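Read off the chains here:
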Amino acid sequence: MDFPRLQIAVIAAVVLLADFVFMDLHASVTWALISVTALCLIWQLWWILPYTRLWPKEVKTATDGSPERQLSILTSNVLTPNRNADALIKLVKLHQPDILVTLESDQWWEDQLSALEPDMPYCVKCPLDNLYGMHVYSKLPLEAQEISYLVEQDVPSIHASVVLRTGDKIRVHFIHPAPPSPTENPESAERDAELVVIAKSVSDSDQPVIVTGDLNDVAWSATTRLFRKISGLLDPRVGRGMYNTFHVDYPLLRWPLDHLFHSQHFVLMSIKRLPSIGSDHFSLLTKLLFVPQRGDNQEGLQADAADREWSKEIAEEQSVSKHDVPEPGE
């Protein structure tokens with residue numbers, strides 16, 4: 001029920017308005033209904049308001065910056081059966097991201113995206129036919145590349161260090177944990193465990209970090225909030241908007257499932273949802289500026305003892321630890 005909080009809030013607001021218009025305001029039962037509906041609305045808004053312009057921005061906006069310090073990442077869940085690779089290639093050529101990460105990409109997608117390699121020669125490829133294939137194409141050098149299977153044997157993640165034009169190195173993690181599903185995982189334990197593994201791996205690092213991908217979870221859920229608390233990473237959408245990326249075909253049932261989180265070493269230049277490429281996800285383009293000094297006083301969610309204990313339980317349940325995430329040079 002984390003997913004439809006926006007939809008529930010809209011319904012509660014409509015019901016609340018109807019209570020005032022159509023109900024007998026002199027009856028005690030009316031005020032009981034109004035109170036319950038108002039509490040429901042307030043509870044839903046508590047979760048989703050940070051992803052509106054009514055909330056203070058968590059990440060500063062870049063006012064200017066050297067092109068050498070910029071880093072743009074295009075994240076695209078292509079949907080394996082989708083065969084409209086030309087649409088994605090056109091988006092890449094139009095927006096010229098430094099890095100493209102594709103999710104659900106199989107060998108057919110790898111063959112089509114080879115057209116990008118003259119401009120994006122640094123690649124990490126993991127084609128799979130199980131909806132968890134993943135590819136990374138980069139204009140910038142990628143070092144310490146690693147394909148890992150952190151929780152499930154058929155669900156990969158890609159880890160690398162990207163070298164900016166200034167020579168600075170950024171640790172990047174591309175992930176696509178499996179969702180809770182009647183045909184795959186009856187619960188969210190595997191997805192939650194992968195998020196906790198990544199969060200713990202970066203929590204004590206002073207290195208610039210970016211984590212991006214399709215988390216199969218909404219931005220405001222308890223588990224994504226736990227990821228942000230444990231990792232210490234920032235969400236550039238806070239105070240700016242939801243940037244709902246799924247589902248393309250159902251405007252009234254859309255949620256922010258594709259994410260990008262980063263350490264305080266960055267400020268935001270822009271973030272935008274791109275047009276459909278025939279997938280069930282929209283692509284997400286995020287442009288960051290690497291300015292460690294300016295980002296020093298940015299602060300995200302803070303973990304308490306209960307959060308740390310919960311993350312420990314999640315990791316222990318799946319018998320994983322932060323050491324499963326490859327560090328540079330391993």
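Okay, so let's go over this structure. These numbers come from a predicted model, not from an experiment. (Residues numbered from 1 in each chain as written. Predicted model: local features only at pLDDT ≥ 70, side-chain atom pairs only at ≥ 80, totals over all residues. Heavy atoms only, no water.)

As a further point, take helix H7 (residues 305-317). At 3.6 residues per turn, the α-helix brings residues three or four places apart onto the same side. Spanning 13 residues, H7 covers 18 Å between terminal C-alpha atoms, matching the ideal 18 Å at 1.5 Å per step. Looking at H7, one finds that the buried residues are Asp307, Ser311, Ile314 and Ala315. Around the axis of H7, the buried residues are gathered within 95° of arc, so they sit on the same side. Opposite the packed face of H7, turned more than 90 degrees from it, sit the exposed residues Ala305, Ala306, Glu316 and Glu317. Buried positions along H7 lie against helix H5 (189-203) and helix H6 (222-231). Where H7 begins, the capping side chain belongs to Asp304, and its oxygen is found 3.1 Å from the backbone nitrogen of Ala306. (Helix = DSSP H or I, 4+ residues; strand = E, 2+ residues; numbered from the N terminus. Expected span 1.5 Å × (residues − 1). Buried < 20%, exposed > 50% of the residue type's maximum accessible area, 1.4 Å probe, protein only. Arc of directions from axis to C-beta. Contact = heavy atoms within 4.5 Å. Polar contact = N/O pair within 3.5 Å; in protein donor to acceptor, adjacent residues only side chain to side chain.)

Turning our eyes to something else, we now look at the environment of Asp129. Along the chain, Asp129 falls in the loop between strand E3 (122-126) and strand E4 (134-138). Take Asp129: its relative accessible area is 69%, and that puts it in the exposed class. Linking Asp129 and Leu252, residues 123 residues apart in sequence, is a C-alpha distance of 30 Å.

Across the sheet, 6 strands lie side by side as E3-E4-E2-E1-E11-E10; this open sheet has mixed pairing. Either end of the sheet is taken by a strand with one partner, and the two such strands are E3 and strand E10 (266-273). Put simply, the sheet's adjacent strands are angled 15° from each other on average, direction ignored. One ladder, built from 5 bridges, connects strand E1 (residues 70-77) with strand E2 (residues 99-103); its direction is parallel. (Pairing = 2+ DSSP bridges. Axes fitted to C-alpha atoms, helices over the stretch in contact; angles between N-to-C directions.)

Once that is clear, we can look at unusual backbone geometry. Cis rather than trans, the peptide bond between Phe246 and His247 has omega equal to 15°. Mapped onto the secondary structure, His247 falls in the loop between H6 and strand E9 (258-262). One non-glycine residue, Glu104, lies in the positive phi region at around 65°. Looking at where Glu104 falls in the secondary structure, it is placed in the loop between E2 and helix H4 (107-113). A relative accessible area of 9% means that Glu104 is categorised as buried. Even without being a glycine, Asn216 presents a positive backbone phi close to 50°. Mapped onto the secondary structure, Asn216 falls in the loop between strand E8 (209-214) and H6.

So, about the layout of surface pockets. Of the volumes computed, that of the largest pocket is approximately 480 Å³. Along its surface, the largest pocket is lined by 24 residues, and Val202, Ser203, Ile230, Ser231 and Gly232 are the ones closest to its centre. For the lining of the largest pocket, the residue count by class is 7 nonpolar, 12 polar and 5 charged. (1 Å grid on protein atoms, 1.4 Å probe; cavity = no way out; pocket = protein on both sides within 12 Å on 5 of 7 lines; lining within 4 Å. Points joined across faces, edges and corners; volume = space filled by probe spheres on them. Nonpolar A, V, L, I, M, F, W, Y, C, P; charged D, E, K, R; others polar.)

What follows concerns the packing of aromatic side chains. We describe a pair of aromatic rings using the distance from one ring centre to the other and the angle between the two ring planes. As enumerated under the stated definition, the model contains 9 aromatic pairs in all. An angle of 70° between the planes, with centres 5.5 Å apart, marks the rings of Phe3 and Trp255 as edge-to-face. One end of the pair, Phe3, is in the segment before helix H1 (5-22); the other, Trp255, is in the loop between H6 and E9, with 252 residues separating them in the sequence. Judged by its relative accessible area of 13%, Trp255 falls in the buried class. Seen in terms of ring centroids, Trp43 and Trp47 are 5.6 Å apart; in terms of plane orientation they differ by 85°. Their pairing is edge-to-face. (Phe/Tyr/Trp six-rings, centres within 6.5 Å; stacked < 30°, edge-to-face > 60°.)

The element E8 is extensively covered by neighbouring structure, given that 6 of its 6 residues are classed as buried. Alignment of E8 against E9, held across 5 bridges, turns out to be antiparallel. Its bridge partner lying in E9, Thr212 is registered against Leu260.

If you walk through the whole model with that rule in mind, you get 10 salt bridges. The residue Arg5 makes a salt bridge to Asp2 at a minimum N-O spacing of 2.9 Å. Classification of Arg5 by relative accessible area gives buried; the value is 10%. Using a relative accessible area of 22% as the deciding quantity, one classes Asp2 as partly exposed. Across the pair Arg165 and Asp98 runs a salt bridge whose closest N-O atoms are separated by 2.6 Å. With a gap of 67 residues between them, Arg165 in the loop between strand E6 (157-163) and strand E7 (169-175) and Asp98 in the loop between helix H3 (85-95) and E2 connect regions that are remote in the sequence. If you follow the salt bridges from partner to partner, you end up with Arg191, Asp192 and Asp217 in one network. (Salt bridge = Lys/Arg side-chain N within 4 Å of Asp/Glu carboxyl O.)

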